[in-house]
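The lines below spell out each chain.
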Amino acid sequence: MLAKLTSKNQITLPKAAVAGVDAAEYFDVTVERGRIVLTPVRVQQAQAVREKLEQLGITEQDVEDAVAWARQ
């Protein structure tokens, strides 16, 4: 199988190559002995929540304080 690298450093993976791994939207990219290795990863929902909290300026301490308040 061949995949072409475009001028914008993009590669379309052949369908047959992707079919052999679990469905993934993201891949971890490493270089090992001159080879590019793609490992499918799943972006966890927890990370999306952390990013949203960061956008809103809510800190871990804010969350801990809210939990402590709710448990009173």
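For the structure, see preceding data.
Residues numbered from 1 in each chain as written. Predicted model: local features only at pLDDT ≥ 70, side-chain atom pairs only at ≥ 80, totals over all residues. Heavy atoms only, no water.

A. Local environment of helix H2 (residues 45-56). Counted at 1.5 Å a residue, the expected span for H2 with its 12 residues is 16 Å, and the 17 Å between its end C-alpha atoms agrees. In the segment just after H2, Gly57 is the residue with positive phi, at about 80°. (Helix = DSSP H or I, 4+ residues; strand = E, 2+ residues; numbered from the N terminus. Expected span 1.5 Å × (residues − 1).)

B. View of the pairing of strand E2 (residues 35-41). Sheet topology note: the strand E1 (residues 26-32)/E2 ladder contains seven bridges and is antiparallel. In the strand pairing of E2, Thr30 is matched with Val37. (Pairing = 2+ DSSP bridges.)

C. Examining the environment of Val37 more closely. Assignment of secondary structure puts Val37 in strand E2. On the basis of relative accessible area, Val37 is assigned to the partly exposed category, the value being 25%. With 10 residues separating them in the primary sequence, Val37 and Phe27 have C-alpha atoms 9.2 Å apart. The contacts of Val37, once residues within four sequence positions are left out, are Asp28, Val29, Thr30 and Glu32. (Buried < 20%, exposed > 50% of the residue type's maximum accessible area, 1.4 Å probe, protein only. Contact = heavy atoms within 4.5 Å.)

D. Broad picture of a nonpolar patch on the surface. On the surface, a cluster of nonpolar side chains totalling about 780 Å² of accessible area is made up of Leu5, Ile11, Leu13, Val18, Val21, Val29, Val31, Ile36 and Leu38. Elements with a minimum of two residues in the nonpolar patch: E1 and E2. By secondary structure assignment, the location of Leu13 is in the segment before helix H1 (15-19). (Patch = residues over 30% accessible without salt bridge, like charges linked within 9 Å, V, L, I, M, F, W, Y side chains within 5 Å. Areas by Shrake-Rupley, 256 points an atom, 1.4 Å probe, with all protein chains shown as cover. Salt bridge = Lys/Arg side-chain N within 4 Å of Asp/Glu carboxyl O.)

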